[in-house]
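# Structural overview for review
Here is how the chains run, residue by residue.
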Amino acid sequence: MNILGFDIGGTKTMVGVAEESGKVLAMQRFETKGNLGPEQALSRMKEAARRVINEAGVTPDVIGIGCGGPLDRKSGTLYTVPNLPGWEGICLTREFGDEFGVPAFLENDANAAAMGEHLFGAGKGVDDFVFLIVGTGIGGGIIANGRIYRGFGDNAGEIGHHKIIPEGPPCPCGDRGCLEALASGTSIARIAREQLDRKPETLLWQWISSPEEVTAELVARAAGQGDSFASSIWQECMYYLGIGVANVVNILNPRLVILGGGVTKAGELLFEPVRRIVRERAMPALAADVEVVPAKNGDLVGLMGAFAVALENVRYRQ
Ligand SMILES: [Zn+2]
């Protein structure tokens, strides 16, 4: 079986063709340009898919699509998606299914990524794990008893929006003090930015000319080089991330917590404190069961997720 996969993000889209084993035969990455409106952006995606199919030299049997939500998985339709303005009501499964004449299935991007890690990545063969993608935001997906856990309305797994500090900083979801508002890449940069003016001695000023230029990646780099300001910001954010993971461990008793996304490129600088805090703060019996590990699908996490969405749907006819 050959799969055509679409990983549609607010800024970047990836299209690829893979075999059932997850072996990628061809792929392309390009700007989504969602602001052009759905019609133009979708026709660019279809064009890219035709090129990728050509290059792979096979005909797809099924299509999997991962996209930022909220969305209605069953009808394949987007609701009001914050980073794709004007796309409300677009039925992605019909758009791509009709274009290529095969069944198409849609899933929100974080669930898709969790499914991709389950079939092809760090969660292969593991039936109970939680996947967290720590990037611009924080998304989550729960694999329970070998299947994605979707909840009553298909929206389970919003781990980025469980509360760490009830009256904490505002979060893009409209509430305050969520994990995402304290430990996402955007939040790490924001917390550093708020204090930069009072820290003329920090290394960060050697790499930026205004506070707006600070990124989580730069904070991690400066922390890694022993900069005391960057280290204190980084440690604070990792503390919140660790607490968030410990909460998840207490609630779900997973075998693994898999962490992916741009912020996890910091490597041990991230994993060491998170593992330590989980050991200290989760209940001992549950902390003993869990390992906190990096995702394996790397930059392809969304695309591998899209392939997994197609396979899951074919296998279980959901
Ligand atoms: Zn939130």
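## Some details on the overall build of the protein chain
Each helix and strand in the protein chain was counted, giving 10 helices and 12 strands. Relative to a compact globule of 318 residues, whose C-alpha radius of gyration would be 20 Å, the protein chain shows 20 Å and is just as compact. Projected onto its principal axes, the C-alpha positions of the protein chain cover 60 × 50 × 35 Å. Here the protein chain, with 318 residues, has 54% of them falling under the buried criterion. Summed over its atoms, the accessible surface of the protein chain is roughly 14,000 Å², and 49% of this surface lies on carbon and sulfur atoms. Side chains of the protein chain give 30 positive and 38 negative charges; the mean places of these two sets differ by 2 Å.

## Details of the coordination of the zinc ion
Protein coordination at the zinc ion: the donors are His161 (ND1), Cys171 (SG), Cys173 (SG) and Cys178 (SG), at 2.0 to 2.3 Å from the metal. If you look at the zinc ion, its 4 donor atoms make angles of 101 to 124° with each other, and the shape they trace is tetrahedral. Mapping the donors of the zinc ion onto the primary sequence gives the spacing H-x9-C-x1-C-x4-C. The two residues Cys171 and Cys178 agree in class, both being buried.

## As for the pattern of salt bridges
For side chains of opposite charge, pairing can occur when their charged atoms come near one another. With the rule as written, the count across this model stands at 15 salt bridges. Between Glu20 and Arg315 there is a salt bridge, and its shortest N-O distance comes to 3.7 Å. Taken as a pair, Glu20 in the loop between strand S2 (12-19) and strand S3 (24-31) and Arg315 in helix H10 (residues 301-316) lie far apart in primary sequence, 295 residues in all. Judged by its relative accessible area of 45%, Arg315 is partly exposed. With a shortest N-O distance of 2.8 Å, Glu291 and Arg255 are connected by a salt bridge. Taken together, the residues span a long stretch of sequence, with Glu291 in strand S12 (residues 291-294) and Arg255 in the loop between helix H7 (228-252) and strand S11 (256-260) at a distance of 36 residues. On the basis of relative accessible area, Glu291 is assigned to the partly exposed category, the value being 39%. Residue Arg255 is classed as partly exposed on the basis of its relative accessible area, which comes to 38%. Through salt bridges with shared partners, a single ionic network connects Lys46, Arg50, Glu95 and Glu99.

## Quick look at the domain arrangement of the protein chain
According to the domain assignment, the protein chain contains domain 1 (2-109 + 299-317) and domain 2 (122-295). One C-alpha centre belongs to domain 1, the other to domain 2; they are set 27 Å apart. In this complex, domain 1 contributes 7 residues to the contact, which on the side of domain 2 involves 6 residues. Summed over both sides, the interface between domain 1 and domain 2 buries roughly 740 Å², with carbon and sulfur atoms accounting for 34% of that surface. Three residues stand out in domain 1 for area buried against domain 2, namely Arg73, Val301 and Tyr316, and they jointly supply 45% of the buried area on that side. Inspection of the domain 1/domain 2 interface yields 5 salt bridges. For Lys265, the salt bridge identified is with Asp299, shortest N-O distance 3.4 Å. Along the contact surface separating domain 1 from domain 2 lie 4 residue pairs in polar contact (both at pLDDT 80 or more). It is H10 that contributes the most residues to the side of domain 1 that touches domain 2, 3 residues altogether. Grouping the constituent residues of the side of domain 1 that touches domain 2 by class yields 2 nonpolar, no polar and 5 charged.

## Comments concerning the nonpolar core
If you look at the biggest cluster of nonpolar residues, it comprises 51 residues, and the most contacted ones within it are Trp234, Val245, Leu259 and Leu270. Counting residues per element, this core draws most heavily on H7, at 13 residues. With near-sequence residues (within four places) excluded, Trp234 lies in contact with Ile188, Ala216, Val219, Ala220, Ala223, Val263, Ala266, Leu269 and Leu270.

## Some details on the environment of Gly69
As for its position among the elements, Gly69 is in the loop between strand S4 (62-67) and strand S5 (71-72). In this structure, the C-alpha to C-alpha distance between Gly69 and Asn313, residues 244 residues apart in sequence, is 19 Å. Apart from the residues lying within four places of it in its own chain, the contact partners of Gly69 are Val81 and Pro82.

## Notes on the sheet that holds strand S10 (residues 147-148)
The strand order across the open sheet formed by 5 strands is S10-S9-S8-S11-S12, and the pairing between neighbours is mixed. Each edge of the open sheet carries a strand with a single partner, namely S10 and S12. Two elements, strand S8 (residues 129-134) and S11, share 5 bridges in a ladder whose sense is parallel. Among the inter-strand pairings, Phe131 is bridged to a residue of S11, identified as Ile258. This element, helix H3 (residues 109-120), spans S8, strand S9 (138-144), S10 and S11 of the sheet and lies at about 50° to S9. Sheet strands in contact with helix H8 (residues 268-281) are S11 and S12, and its direction is about 165° off that of S12.

About the criteria used
Residues numbered from 1 in each chain as written. Predicted model: local features only at pLDDT ≥ 70, side-chain atom pairs only at ≥ 80, totals over all residues. Heavy atoms only, no water. Helix = DSSP H or I, 4+ residues; strand = E, 2+ residues; numbered from the N terminus. Rg over C-alpha atoms; globule rule 2.2 N^0.38 Å. Buried < 20%, exposed > 50% of the residue type's maximum accessible area, 1.4 Å probe, protein only. Areas by Shrake-Rupley, 256 points an atom, 1.4 Å probe, with all protein chains shown as cover. Lys, Arg positive; Asp, Glu negative; His and termini not counted. Charge placed at Lys NZ, Arg CZ, Asp CG, Glu CD. Donors = N, O, S within 2.8 Å, 3.2 Å for Na, K, Ca; no water. Tetrahedral: all angles 85-135°; square planar, octahedral: opposite > 155°, others 65-115°. Salt bridge = Lys/Arg side-chain N within 4 Å of Asp/Glu carboxyl O. Domains from an automatic or database assignment. Contact = heavy atoms within 4.5 Å. Buried area = accessible area lost by both parts, 1.4 Å probe. Polar contact = N/O pair within 3.5 Å; in protein donor to acceptor, adjacent residues only side chain to side chain. Nonpolar A, V, L, I, M, F, W, Y, C, P; charged D, E, K, R; others polar. Core = buried A, V, L, I, M, F, W, Y, C linked by side-chain atoms within 4.5 Å. Pairing = 2+ DSSP bridges. Axes fitted to C-alpha atoms, helices over the stretch in contact; angles between N-to-C directions.

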